[in-house]
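Topology and contacts: notes
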Amino acid sequence: MARPALTIALLLKTRDLVEICCQWLPVNRYAPVDLGAVESGQGVVELLSRQREAVDAVVIEQCLLDDKTREALGSEGLLFPAVVVGELMGRVDYHPEEVHLPGDQLEQLGYNVDASISRFLRQGQKDARPEDGAEQNAMPSMDGSAWKLSSRLQERLGYLGVFYKRDPSRFLANLPPDEQRDLVQSLQRTYRDLLISYFRDPAAANQALESFVNTAFFGDLPITRAVEIHMNLIDDFWKQLRLEGHKNDFLQDYRLALLDVMAHLCEMYRRSIPAEVSLTPAAGERRVLTDPEVAP
């Protein structure tokens, strides 16, 4: 069965990014559409307003999103699953369910688009079934347009969406060798951002952590490979500090970053089991073993 081709709108002020983004969006899964040169946030609002029925998700450059634009997008109901390309600053640029990816890590773009769609749908499901006392309107202006998009994505992707149905052709082990190398190097840059900001800027570190974990989950990165990335970077830091004559014993504190990554990955794999899949038989399906079956 043919895979759904989701339309990904590219809203990029830096024109060089267009070709790079298209390169890292798998054509069997995504149809990237360059909406043309966008110079301002107002241009973003106008373009998305005209294309609201055709767009499934957006890749948008951070410099186009200021407070006024974010407010206009929210008030117009122009909320889409989004990957924000730009510096990790720990702030919300578009809406709370966005994901962030620096311009030098676009090798992970396809995986993060999947993550943004998954987060968008999950938020919609939470809003559809609010729990008592739960915070309402976590995503601003989740109005009819956003609900309609959420339903359309759910219909095209199936009830289980992208979170429960990872694409094996994009697993690290199944990529061509050159793409494997590019992806691992990109993950190393993300993990380096995570370590550098881990104690200095926790909000920015959290965005780097989310990006790393999203790619690791959708790319089925082996846990041993994640540990290897951590150890190699710590080793590089240790050598650099030693050459510069600085103390380096504090580097052991960065084991907390690795534990954080492992905890988030475990949680994603736990939630990747659909709720309707029961690991224990229903009461009516249970069978009481007879004595001969129990006896050794």
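Note: the structure precedes this text.
Report on the accompanying structure. (Residues numbered from 1 in each chain as written. Predicted model: local features only at pLDDT ≥ 70, side-chain atom pairs only at ≥ 80, totals over all residues. Heavy atoms only, no water.)

What the chain contains, in helices and strands, is ten helices and five strands. Within the chain, buried positions represent 45% of all 296 residues. Within the chain, contacts between residues separated by at least 24 positions form 72% of all contacts whose residues are at least 6 apart in sequence. Accessible area of the chain: about 15,700 Å², with a carbon and sulfur share of 53%. (Helix = DSSP H or I, 4+ residues; strand = E, 2+ residues; numbered from the N terminus. Buried < 20%, exposed > 50% of the residue type's maximum accessible area, 1.4 Å probe, protein only. Contact = heavy atoms within 4.5 Å. Areas by Shrake-Rupley, 256 points an atom, 1.4 Å probe, with all protein chains shown as cover.)

Right, let's get into the pattern of salt bridges. Evaluation of the coordinates by the stated rule reveals 14 salt bridges. For Asp220, the salt bridge goes to Arg166, with nearest N and O atoms at 3.4 Å. Of the two residues, Asp220 is situated in the loop between helix 7 (202-218) and helix 8 (223-243) and Arg166 in the loop between helix 5 (144-157) and helix 6 (177-197); the sequence distance between them amounts to 54 residues. For the salt bridge of Glu267 with Arg271, the shortest nitrogen-to-oxygen distance reads 3.4 Å. In this pair, Glu267 and Arg271 are both assigned in helix 9 (residues 255-271), four residues apart and thus about one turn of the helix distant. Connected through shared salt-bridge partners, Arg29, Asp114 and Arg170 make up one network. (Salt bridge = Lys/Arg side-chain N within 4 Å of Asp/Glu carboxyl O.)

Attention now moves to the side chain of Arg119. Relative to the helices and strands, Arg119 resides in helix 4 (residues 109-128). For Arg119, a relative accessible area of 15% corresponds to the buried category. A distance of 3.4 Å separates a polar atom in the side chain of Arg119 from the backbone oxygen of Pro96. Side chain to side chain, Arg119 and Glu210 meet in a polar contact 3.1 Å long. Each residue touching Arg119, except ones within four places of it in the same chain, is listed here: Pro96, Glu97, Glu98, Val99 and Glu210. (Polar contact = N/O pair within 3.5 Å; in protein donor to acceptor, adjacent residues only side chain to side chain.)

Our focus in this paragraph is the packing of aromatic side chains. Where two aromatic rings form a pair, the distance of their centres and the angle of their planes describe that pair. Here the structure, examined in full by the defined rule, presents five aromatic pairs. For the pair Phe199 and Tyr254, a centre-to-centre distance of 5.0 Å together with 75° between the ring planes defines the contact as edge-to-face. Taken together, the positions of Phe199 in the loop between helix 6 and helix 7 and Tyr254 in the loop between helix 8 and helix 9 put the pair 55 residues apart, joining distant regions of the chain. Taking the relative accessible area as the measure of exposure, Tyr254 reaches 14% and is therefore buried. (Phe/Tyr/Trp six-rings, centres within 6.5 Å; stacked < 30°, edge-to-face > 60°.)

Turning our eyes to something else, we now look at the environment of Glu228. On the secondary structure map, Glu228 appears in helix 8. For Glu228, a relative accessible area of 40% corresponds to the partly exposed category. Along the sequence, Glu228 and Gln188 sit 40 residues apart, while their C-alpha atoms lie 10.0 Å from each other.

Interhelical geometry of helix 6 versus helix 8 gives an angle of 60° and a closest axis separation of 10 Å. Our classification of the angle between helix 6 and helix 8 gives oblique. The two elements helix 6 and helix 8 cross, and the hand of that crossing is right-handed. Contacts between helix 6 and helix 8 pair Val184, Leu187, Gln188, Tyr191, Arg192, Leu195 and Ile196 from the former with Arg225, Ile229, His230, Leu233, Ile234 and Phe237 from the latter. Its residues assigned to classes, the contact of helix 6 with helix 8 comprises nine nonpolar, two polar and two charged. (Axes fitted to C-alpha atoms, helices over the stretch in contact; angles between N-to-C directions. Parallel < 35°, antiparallel > 145°, perpendicular 65-115°, else oblique. Left-handed = near helix turned anticlockwise from the far one by under 90°. Nonpolar A, V, L, I, M, F, W, Y, C, P; charged D, E, K, R; others polar.)

Before going further, it helps to examine the pairing of strand 1 (residues 6-11). Burial of strand 1 is extensive: six of the six residues sit out of reach of the surface. Here strand 1 shows two buried faces, one formed by Leu6, Ile8 and Leu10 and the other by Thr7, Ala9 and Leu11. Inspection of the sheet shows strand 1 paired to strand 2 (residues 30-34) by five bridges, in the parallel sense. Pairing of Leu6 across the sheet is with Tyr30, part of strand 2. Each parallel crossover has a hand, and the one from strand 1 via helix 1 (residues 16-23) to strand 2 is right-handed. Pairing analysis gives four bridges linking strand 1 to strand 3 (residues 57-61), with the strands arranged parallel. Residue pairing across strands places Leu10 opposite Val59, the latter belonging to strand 3. (Pairing = 2+ DSSP bridges. Right-handed = clockwise from strand over helix to strand, strands pointing away.)

Here we come to helix 2 (residues 41-50). Within helix 2 the residues assigned to the buried category are Gly41, Gly43, Val44, Val45, Leu47 and Leu48. Packing partners of the buried residues in helix 2 comprise strand 1, strand 3 and helix 3 (67-75).

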